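Chains, contacts and geometry: an overview
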Amino acid sequence: MARRIAIAGFQHETNTFSPLPTVWEDFRDPGAWPGLTRGAAILDTFAGTNIPIAGFVGAAGADELVPLLWAAAEPAGTVTRDAFDRITGEIVAGIEGAGPLDAVYLDLHGAMVTEGYDDGEAEVLARVRAVVGPDLPVAVSLDLHGNMSRAFFERASCVTIYRTYPHLDMAETGARAYRLLCDLLDRGAPFAKAWRQLDYLIPLPSQSTMHAPCDRLYGMVPGLEGAGVSSLDFVIGFPPADIPDVGASVFAYGTDRHAVDAAAEAMLRALGAAEPDFRDPLVPAREAVREAMRIAARAEAPVVIADPQDNPGAGGVGDTTGVLRALLEAGATGAALSMFWDPATARAAHDAGQGAGIAVSLGGFDPATGGPPLPVRAVVEMLSDGIFPFTGPMYGGSTADIGPSACLRLIHDRADIRVVVGSNRCQNADRALFAAFGIDPRAQRILAVKSAMHFMGDYAPIAAKVLFAKAPGANPCPIADIPYTRLRPGIRMRPGRGVFGGA
């Protein structure tokens, strides 16, 4: 028998150290993500994309879906009360007006912090529960980088979580949410469920499932399911959030209380045992550039330098100049950087026109996290409206909108560097952020990307080497560098040491 399921999405990854607040307009016009979408348009807008709600819809078959609203914004600082209340209010009103429902599905992130709520997702569920009551099944899918509270766990009926970083399985996670919800509805009674919280924080650059130990840890997950355990997942945490519940936690659901508890404990033990294996791969930017130039001199493929501490996909501004300065100082040639968030420079390039020379000051929006600005002279090599299709494995099927943008070839006595400059913040997780500006990524000696890890899905296959540079930015990656004040007592600040609140 067909079920009637209301579906909605509200995603934000909040970096509480970011100097950029997240306001309503950021959800309405998010740039790299689809804009705020309402009603039946959700079914068409997300079809074929690697986004959880698309996977849920694709798996739903003959069930009647009631699409309400989907909204996301580029990661940044705390979500304003106005934005949170408007979006959550519209979702709740939609559920209220939807008529009889068998269930609700929510495509959430897991690391949203708002004005007034450390766990934004828990508050979304509280408001939904106030309308649907305690018993209606509410299924949720989450990003791998969630910071979850017990309140969230108690309010959700079942949860599925990405198992890859880079997030190549977002749509599949939505499909798993549908299948798990169907199991719950067929059961006709709540799942036995278990939640466990890890006692140490894991640095972002060591969380990739392409490398040890996360490849091994996430590889364990399917083997812990079955025999009374319908689903097991874990969030690994999003460290740049100064809240008590930051960090990893395990979710398990099933029909056998003992088996569910045992599976959650087994995953927690494995995470605990892996603590010594987490390593911070960052090296100083100047050292990374020197190494990249050394390798590029004899390689037939580009060397990729990541700038993770200025990753817009983790709340970085996207305009810090540390890696670019290092490339210029070293006299790097055959190098390209994408993308640099600087609306004023993009506007100056458009005003000057293609082929013109301009003198501008790049970046420096927030001197505390990445200034000062870098004065440069450049030739405007190409102009764009910033709208083009993504082509990589993570964002493929979606359309970029980075606003008025340009490719600048910097004028320098030794270096040969091209910089893509845009008007809307966007991390570089897709080669299209070079190719759309006439830059063939495969033909460069050095590619610099403002991203922490998502770029690996599209760039690792073409890279002679990938290096992670340490340069200033609003996304501090080494846990010891993050100025926490509100963590829960006793949690270890980095693998193996540094207990918060301890001597």
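Structural notes, computed from the coordinates. (Residues numbered from 1 in each chain as written. Predicted model: local features only at pLDDT ≥ 70, side-chain atom pairs only at ≥ 80, totals over all residues. Heavy atoms only, no water.)

Digging into the overall build of the protein
- A count of helical and extended segments in the protein gives 15 helices and 22 strands.
- Based on the C-alpha atoms only, the size of the protein along its principal axes is roughly 70 × 50 × 40 Å.
- Looking at the protein as a whole, 63% of its 503 residues are labelled buried.
- Contacts in the protein between residues far apart in sequence, at least 24 positions, make up 74% of those at least 6 positions apart.
- For the protein, the exposed surface amounts to about 17300 Å²; the carbon and sulfur share of it is 52%.
- A distance of 5 Å separates the average location of the 42 positive side-chain charges in the protein from that of its 57 negative side-chain charges. (Helix = DSSP H or I, 4+ residues; strand = E, 2+ residues; numbered from the N terminus. Buried < 20%, exposed > 50% of the residue type's maximum accessible area, 1.4 Å probe, protein only. Contact = heavy atoms within 4.5 Å. Areas by Shrake-Rupley, 256 points an atom, 1.4 Å probe, with all protein chains shown as cover. Lys, Arg positive; Asp, Glu negative; His and termini not counted. Charge placed at Lys NZ, Arg CZ, Asp CG, Glu CD.)

Describing unusual backbone geometry
- Omega for the bond connecting Tyr165 with Pro166 falls within 30 degrees of zero, at 10 degrees, which places this linkage in the cis form.
- Along the chain, Pro166 turns up in the loop between strand E6 (158-161) and helix H7 (170-187).
- In this structure, the amide linkage connecting Ala212 to the following residue, Pro213, adopts the cis form with an omega of 0 degrees.
- Its place among the elements puts Pro213 in the loop between strand E7 (192-197) and helix H8 (214-224).
- Positioned with a positive phi, Ala227 is a non-glycine residue whose angle comes to about 50 degrees.

Describing helix H12 (residues 343-352)
- Every buried residue of H12 is listed here: Thr345, Ala346 and Ala349. Around the axis of H12, the buried residues are gathered within 100 degrees of arc, so they sit on the same side. Pointing more than 90 degrees away from the buried face of H12 are the exposed residues Arg347 and Asp351.
- Phi turns positive, to about 95 degrees, at Gly353, one or two residues after H12. (Arc of directions from axis to C-beta.)

Some thoughts on the environment of Leu136
- Relative to the assigned elements, Leu136 resides in the loop between helix H5 (120-132) and strand E5 (138-142).
- Taking relative accessible area as the criterion, Leu136 reaches 17% and is therefore assigned buried.
- Along the chain, Leu136 and Leu101 lie 35 residues apart, while their C-alpha atoms are 8.3 Å from each other.
- When near neighbours in sequence (up to four residues on either side) are disregarded, Leu136 contacts Leu101, Asp102, Ala103, Val104, Arg129 and Ser157.

A few points about the sheet that holds strand E4 (residues 103-108)
- Taking strand neighbours across the sheet as the criterion, the 6 strands line up as E2-E3-E1-E4-E5-E6 in an open arrangement whose pairing is mixed. The outermost strands of the open sheet, each flanked by one partner alone, are strand E2 (37-38) and E6.
- Two elements, E2 and strand E3 (residues 64-72), share 2 bridges in a ladder whose sense is antiparallel. Bridge pairing in E3 places Arg38 opposite Leu69.
- Running over the sheet, helix H3 (residues 52-59) touches strand E1 (4-11), E3, E4 and E5 and is turned about 165 degrees from E1.
- The strands that helix H4 (residues 81-96) touches are E1, E2, E3 and E4; relative to E3, the one it contacts most, it runs at about 175 degrees. (Pairing = 2+ DSSP bridges. Axes fitted to C-alpha atoms, helices over the stretch in contact; angles between N-to-C directions.)

Remarks on the nonpolar core
- Ranked by internal contacts, the top residues of the largest apolar core, which has 138 residues, are Leu106, Val140, Phe152, Phe251 and Met267.
- Here this core gets 9 residues from one element, more than from any other, and that element is helix H9 (residues 257-273).
- Setting aside anything within four residues of it in sequence, one finds Leu106 in contact with Ala8, Ile91, Val124, Leu125, Val128, Val138, Ala139, Val140 and Ser141. (Core = buried A, V, L, I, M, F, W, Y, C linked by side-chain atoms within 4.5 Å.)

Considerations on the side chain of Asp307
- Within the element layout of this structure, Asp307 appears in the loop between strand E11 (303-306) and helix H11 (322-330).
- Once residues lying within four places of it in the same chain are set aside, the contact partners of Asp307 are Thr320, Val323, Val449, Lys450, Ser451, Ala469 and Ala471.

Taken by themselves, the reported measurements are silent on function.
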